[in-house]
Amino acid sequence: RPMIRLSGVGKTYDDGTVAVQQLDLEVQRGELVCLVGPSGCGKSTTLKMINRLIEPTTGSIEIDGQDVTGQDPVEMRRGIGYVIQQVGLFPHQKIIQNVMTVPLLYGESKAKARQRATELLELVGLDPATYADRYPHQLSGGQQQRVGVARALAANPPVLLMDEPFGAVDPIVRLRLQDEFLRLQDELGVTVVFVTHDIDEAVRLGDRVAVFATGGRLAQYDTPARLLGR
Ligand code: ADP
Ligand code: ADP
């Protein structure tokens, strides 16, 4: 069965804005799916519905076969990592503490949490010996995004949701982050839904790409090769 299944999902905001309509979307285990389309076409809304930050108006969402609307949102989010453009690191905590927060919150011992955080920093390409004890403002934008990815992975989530995670970094750094992220995702086998407005990024990263059209409708859902007619 798919890791994520959206069936007939729609969202109309209280002010009447129709953000998403009749969305059917399946993401297989270990797959990296990019949601792409122009600004305002409902990508973020879709991601927030999967993460239960927003309730759908219609339809249902299943994660690993479980209808998430029937679950406690806080409990459910333990299995989901979430990375946004403004990663929001805790400014007064060292990098290592920022990454340890999640495992500690879930009852991991301090020693284990520190070990896991150190491994994760390594994994996202930040040498722990250099960066663990720095504060967020001492890191570049690209480096802060890496910390955000490490923090999101700290709870070992089977699902990772990313909303324009590399949107605020310059193009050269972004290419590097994309490459590194692809390797990381492959290694961990985590299921990823990745929102971007950049079609190049979507095609580069996605095993499949969901193209949204204005009005929150899914226009196409296919592999990059087939979308590009190759
Ligand atoms: P995208 O991520 O593709 O840019 P969004 O999901 O953020 O699109 O937004 C989809 C539509 O819903 C847009 O028209 C946006 O203005 C509207 N929208 C987003 N959030 C809200 C909200 N809280 N209240 C009302 N309308 C919203
Ligand atoms: P990136 O290519 O990852 O965006 P930058 O060119 O912004 O990196 O930064 C280059 C180096 O300068 C990095 O090693 C970073 O840690 C360091 N650096 C950036 N901002 C600061 C700061 N405010 N204090 C200390 N070191 C910094």
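Parameters and conventions
Residues numbered from 1 in each chain as written. Chains lettered and ligands numbered in written order. Predicted model: local features only at pLDDT ≥ 70, side-chain atom pairs only at ≥ 80, totals over all residues. Heavy atoms only, no water. Near = heavy atom within 4 Å. Polar contact = N/O pair within 3.5 Å; in protein donor to acceptor, adjacent residues only side chain to side chain. Pairing = 2+ DSSP bridges. Helix = DSSP H or I, 4+ residues; strand = E, 2+ residues; numbered from the N terminus. Contact = heavy atoms within 4.5 Å. Axes fitted to C-alpha atoms, helices over the stretch in contact; angles between N-to-C directions. Salt bridge = Lys/Arg side-chain N within 4 Å of Asp/Glu carboxyl O. Buried < 20%, exposed > 50% of the residue type's maximum accessible area, 1.4 Å probe, protein only. Expected span 1.5 Å × (residues − 1). Arc of directions from axis to C-beta.

Asks: Help me get a handle on the site of ligand 1, residues and values and all.
Replies: In the region of ligand 1, the neighbouring residues are Tyr13, Asp15, Thr17, Ala19, Pro38, Ser39, Gly40, Cys41, Gly42, Lys43, Ser44 and Thr45. Contact between ligand 1 and Gly40: an oxygen atom at 2.7 Å from a main-chain N or O atom of the residue. Within the backbone of Ser44, an N or O atom sits 2.8 Å from an oxygen atom of ligand 1.

Asks: Report on the sheet that holds strand 2 (residues 18-27), specifying residues and quantitative values.
Replies: Across the sheet, which stays open at both edges, the four strands sit in the order 2-1-4-5 with antiparallel pairing between neighbours. Pairing within the sheet leaves two strands with one partner each, and these edge strands are strand 2 and strand 5 (66-67). One ladder, built from two bridges, connects strand 4 (residues 58-63) with strand 5; its direction is antiparallel. Bridge pairing in strand 5 places Glu62 opposite Asp67. Where helix 1 (residues 43-50) meets the sheet, its contacts fall on strand 1 (4-12), strand 2 and strand 4, and the angle it forms with strand 1 comes to roughly 120 degrees.

Asks: Provide a residue-level description of the pattern of salt bridges, including the pertinent values.
Replies: In total, this model carries 10 salt bridges according to the counting rule given. Note that Arg5 is salt-bridged to Glu26, the shortest N-O span being 3.0 Å. One end of the pair, Arg5, is in strand 1; the other, Glu26, is in strand 2, with 21 residues separating them in the sequence. Glu26 gets classed as partly exposed once you look at its relative accessible area, which sits at 32%. Its salt-bridge partner being Glu62, residue Arg5 comes within 3.3 Å of it at the nearest N-O pair. Linking Arg5 in strand 1 with Glu62 in strand 4, this pair joins segments that are 57 residues apart in sequence. On the accessibility criterion, Arg5 (28% relative accessible area) is partly exposed. Among the ionic contacts, a cluster of salt bridges with common partners joins Arg1, Arg29 and Asp64.

Asks: Explain the pairing of strand 10 (residues 217-222) residue by residue, including any values.
Replies: Note that strand 9 (residues 208-213) and strand 10 share five bridges and pair antiparallel. Each residue of the ladder has a partner; that of Ala213, found in strand 10, is Arg217. Linking strand 9 back to strand 10 in an antiparallel pair, the connection comprises three residues, with Gly215 at a positive phi of about 95 degrees.

Asks: Provide a residue-level description of helix 4 (residues 110-123), including the pertinent values.
Replies: Relative to the 20 Å expected for 14 residues at 1.5 Å per residue, helix 4 spans 20 Å between its end C-alpha atoms, a close match to the ideal helical length. Listed as buried for helix 4 are Ala113, Ala117, Leu120 and Leu121. Angular distribution of buried residues about the axis of helix 4 spans 100 degrees; they occupy a single face of the element. For helix 4, exposure combined with an orientation more than 90 degrees from the buried face picks out Ala111, Lys112 and Glu122. Positive phi shows up at Gly125, right after helix 4, with a value of about 85 degrees.

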